[in-house]
Amino acid sequence: MSCRFQEAGKGVVGERVRSCVMRLGSNAGAASFFCVSLVFATSALAQDLGRNWSIKGFGTFGVSGTDTDQLEYRRDISQASGVTRSAGIDIDSRLGLQLDVDITDTLHTTVQWVARQHPGDFFEQNLDWAFLRWRPAADLDLRVGRLGFDVFMLSDYRNVGYAYPWVRPPHEFYGGLPVYHFDGADIAHRFQVGDGQLTLKGFGGYAYYQVPGPFSTLFDASSALGGASAVYELGNWRARIGYVYTLNLSDPPFGPLSSALDNPTVNAFWPGASGLKDDFKVKNAAVQFSSIGLAYDDGEWLGQIEGAYIDSEVNLYPTVANGYFSIGRRLGSFTPYVLLGIAETLNEVVDVPPLLLPVPQLQAFRSAVDQALNGNGVDEKSVSLGVRWDVYENIAVKAQWSHYWLGQNGTQLWVEPASGPTPDQVNVWSVGVDFMF
Amino acid sequence: MRILALPLLLMVFAVHAEVAVIGNLRNPSEALSAKQVQDIFLGRTRTFPDGRFALPIDQSSDLRGEFYQKLTSRPVEQINAYWARIMFTGQASPPLQLPDDEAVLKVVRENEGAIGYVSKPHADKTVRVLLQLN
């Protein structure tokens, strides 16, 4: 936690520069020599106080497992594999490093890279922040570059386990978010309102992300996005309201599927097949995120509640309403908590027309299409009990048990089997250690 | 035993009890409230109430835990978790940490905007006490 330094020497530096300028007026030659030596003296002072850059980091080592082999539990849908009855360390374990540099008094740059389980480009997809920040006034920030996706309360620090009480952000709420960052700009202005602070933020840009897709192991997705949020902090309370509009710019690679649906022979036995092509469209379809949340922390009790409506025009990523509620209490260095979560798909079922004749190959094809369009719902509820134990001032040990209720066709947030029924209830256990440095 | 132990315990507490929040003598603020100091040290505001730029100076010594406990009623783990959210989302950096009272006094004497804290007996006439935390 060693940081910002340049400003520490500001008063002294300012005085020396002023005295330099005054001397320049009287005797330029001697003064410039004097000034050079002063610059060195000044940087020596800055060295005494520290540096203008810092490297910080955070990480988690976590182990988790379930009581089923029919589904794989993953942290979110950006992961291609999860844990089952055979436990694993790779859904939650990660290591983040952050470099901060104060370039001038008003310019700052931050780069953050997080090693984590990701099926895409390990370097590029895991680079979450790389921006230049300009602070022209004390309460105004403008940032340009790669920025965290600030759509919900925790979405831009999901990786920083040390910053929240749970083992991972609530699954029903954050499990469906594969986008961690975008390239663009944001502007945030802070106002004093009453005794609290109101922060208004707007952002826009382009997101490129790689996710496990329905027809290939990896789907290169991209979208244009823009959003706004208002956060009000007053004493122990923090309230947030946010809206984000995203427009998908690319389709998953469903060429072979598309030509099969267009095939005249297929359409002869399966009237209306070609019409299903449009239901697979992702490009130019919008997804809108509206959310509201409230967090309370008085040092002893902590509570958090958040609700969202994700309105999607994409059948492969259906419309969802979700929410969670958590309450915890600090007892010395232990914080036991309860977490409840719910997520439900609200999309209309896509009508897949029947076959004229029960041709076996076509039956298999039709059920695959039906599964792809209608088998990606989210119908999930859970209750979790856990405890965070702050063993040291930058290390926390956590343990959590969760019980999930899953509807049939409601397991999109999990890695689903190619076929066969999925369990109605699953227990997930997790233990881990979160740290920062 | 109990009767003897109680005053002894109180004395132990008294030794650690007082922290002085200090500013530069040229700082026009005569005194600050606990909430104003909290807002500055938690990065909620970057200025003093009169609008001047504030430079909070933290410590890496044992006094740090005591300062935040008295100021915010929270242990240092919670302060660190709070800053983890702010700094790893690229919003701001936590205050610079200096090793001890001596180093804090030096920077506060030399910088008009600096605000730091030291154990009360170390707050001499070269700095202004803006708030006492008992």
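Conventions adopted
- Residues numbered from 1 in each chain as written.
- Chains lettered and ligands numbered in written order.
- Predicted model: local features only at pLDDT ≥ 70, side-chain atom pairs only at ≥ 80, totals over all residues.
- Heavy atoms only, no water.
- Helix = DSSP H or I, 4+ residues; strand = E, 2+ residues; numbered from the N terminus.
- Buried < 20%, exposed > 50% of the residue type's maximum accessible area, 1.4 Å probe, protein only.
- Contact = heavy atoms within 4.5 Å.
- Areas by Shrake-Rupley, 256 points an atom, 1.4 Å probe, with all protein chains shown as cover.
- Buried area = accessible area lost by both parts, 1.4 Å probe.
- Salt bridge = Lys/Arg side-chain N within 4 Å of Asp/Glu carboxyl O.
- Polar contact = N/O pair within 3.5 Å; in protein donor to acceptor, adjacent residues only side chain to side chain.
- Nonpolar A, V, L, I, M, F, W, Y, C, P; charged D, E, K, R; others polar.
- Arc of directions from axis to C-beta.
- Pairing = 2+ DSSP bridges.
- Axes fitted to C-alpha atoms, helices over the stretch in contact; angles between N-to-C directions.
- pLDDT = per-residue confidence, 0-100.
- Parallel < 35°, antiparallel > 145°, perpendicular 65-115°, else oblique.

Q: If you had to explain the overall build of chain B to someone new, which residues and values would you point to?
A: Within chain B, the regular secondary structure consists of five helices and five strands. Taken across its 134 residues, chain B has 57% of its residues classed as buried. The long-range share in chain B, meaning contacts at least 24 apart out of those at least 6 apart in sequence, stands at 71%. Carbon and sulfur atoms provide 61% of the accessible area of chain B, an area that totals close to 6,200 Å².

Q: Hey, could you go over the interface of chain A and chain B for me, with residue numbers and the actual values?
A: Each side of the interface is counted separately: chain A has 48 residues, and chain B has 35 residues. Carbon and sulfur atoms make up 52% of the surface buried where chain A meets chain B, a total of about 3,600 Å² over both sides. Inspection of the chain A/chain B interface yields two salt bridges. Two residues, B:Arg46 and A:Asp141, come together in a salt bridge whose shortest N-O distance is 3.9 Å. At the surface where chain A touches chain B, the tally comes to 18 residue pairs in polar contact (both at pLDDT 80 or more). Counting residues per element, the ones that place at least two in the side of chain A that touches chain B are helix H1 (10-26), helix H2 (28-49), strand S1 (53-66), strand S3 (107-115), strand S4 (127-137), strand S5 (140-148) and strand S14 (378-392) of chain A. Taken together, the residues of the side of chain A that touches chain B sort by class into 17 nonpolar, 10 polar and 21 charged.

Q: For the pairing of strand S4 (residues 114-119) of chain B, give the residues involved together with the corresponding values.
A: The side chains of a regular strand alternate between the sheet's two faces. Judged by how many residues are buried, S4(B) sits mostly within the fold: six of six residues are covered. Because side chains alternate across S4(B), one face comprises the buried residues B:Ala114, B:Gly116 and B:Val118, and the other comprises B:Ile115, B:Tyr117 and B:Ser119, equally buried.

Q: Talk me through the side chain of A:Gln98; I want residue IDs and the actual numbers.
A: Along the chain, A:Gln98 falls in strand S2 (residues 94-102). Judged by its relative accessible area of 1%, A:Gln98 falls in the buried class. Polar side-chain contacts of A:Gln98 include one of 2.9 Å to the side chain of A:Asp100. Residues in contact with A:Gln98, not counting those within four places in the same chain, are A:Ser54, A:Ile55, A:Lys56, A:Thr110, A:Val111, A:Gln112, B:Met87 and B:Phe88.

Q: Describe the pattern of salt bridges, naming the residues involved and giving the relevant values.
A: Under the criterion given, the structure shown has 31 salt bridges over all chains. Across the salt bridge formed by A:Arg240 and A:Asp150, the nearest N and O atoms sit 3.1 Å from each other. Of the two residues, A:Arg240 sits in strand S9 (residues 237-248) while A:Asp150 sits in the loop between S5 and helix H3 (171-174), which places them 90 residues apart along the sequence. Each member of the pair, A:Arg240 as well as A:Asp150, carries the same accessibility label: buried. Here B:Asp39 makes a salt bridge to B:Lys35, at a shortest N to O gap of 2.8 Å. One end of the pair, B:Asp39, and the other, B:Lys35, are both in helix H2 (residues 34-41), four residues apart, so they sit about a helical turn from each other. Accessibility expressed as a relative area gives 36% for B:Lys35, which makes it partly exposed. A cluster of three or more residues bridged by salt bridges with shared partners is formed by A:Arg143, A:Asp150, A:Asp186, A:Lys201 and A:Arg240.

Q: Can you explain helix H4 (residues 255-262) of chain A? Please cite residues and give values.
A: Listing the buried residues of H4(A) in full gives A:Leu257, A:Ser258 and A:Leu261. Looking down the long axis of H4(A), one finds its buried residues gathered within 100° of arc, a one-sided arrangement.

Q: An account of the sheet that holds strand S1 (residues 19-23) of chain B is requested, with residue identities and associated values reported.
A: All names here are of chain B. Across the sheet, which stays open at both edges, the five strands sit in the order S3-S2-S4-S1-S5 with mixed pairing between neighbours. Looking along the sheet, the strands with just one partner apiece sit at the ends: strand S3 (96-98) and strand S5 (128-133). Adjacent strand axes in the sheet meet at a mean angle of 30°, parallel and antiparallel pairs treated alike. The sheet contact formed by strand S2 (residues 55-59) and S3 spans three bridges and is parallel. The partner of Gln 59 across the bridge, within S3, is Leu 98.

Q: Lay out unusual backbone geometry with the relevant residues and their values.
A: One can expect most non-glycine residues to show negative phi and most peptide bonds to be in trans. Phi at A:Asn409 is positive, roughly 60°, even though this residue is not glycine. Summarising the element assignment, A:Asn409 is placed in strand S15 (residues 395-411). Even without being a glycine, B:Ser73 presents a positive backbone phi close to 60°. When you line up the elements, B:Ser73 lands in the loop between helix H3 (63-72) and helix H4 (76-87).

Q: Can you explain the confidence of the model for chain A? Please cite residues and give values.
A: Scored by pLDDT, chain A has a mean of 87; 88% of the residues are at 70 or more. Scored below 50 in pLDDT, residues 1-48 of chain A shows 68 contacts in the model against residues more than four places distant or in partner chains.

Q: If you had to explain the environment of B:Ala84 to someone new, which residues and values would you point to?
A: If you trace the backbone, B:Ala84 turns up in helix H4. For B:Ala84, a relative accessible area of 0% puts it in the buried group.

Q: Give me the lowdown on the packing of H3(B) against H4(B), citing residues and values where you can.
A: Residues and elements named next belong to chain B. Between H3 and H4, the shortest axis-to-axis distance is 9 Å and the interhelical angle comes to 85°. In terms of orientation, H3 lies roughly perpendicular with respect to H4. Note on element contacts: H4 touches H3 through Val 76, Ile 79 and Asn 80, opposite Arg 64, Gly 65, Tyr 68 and Thr 72. Looking at the contact of H3 with H4 residue by residue, the class counts come to three nonpolar, three polar and one charged.

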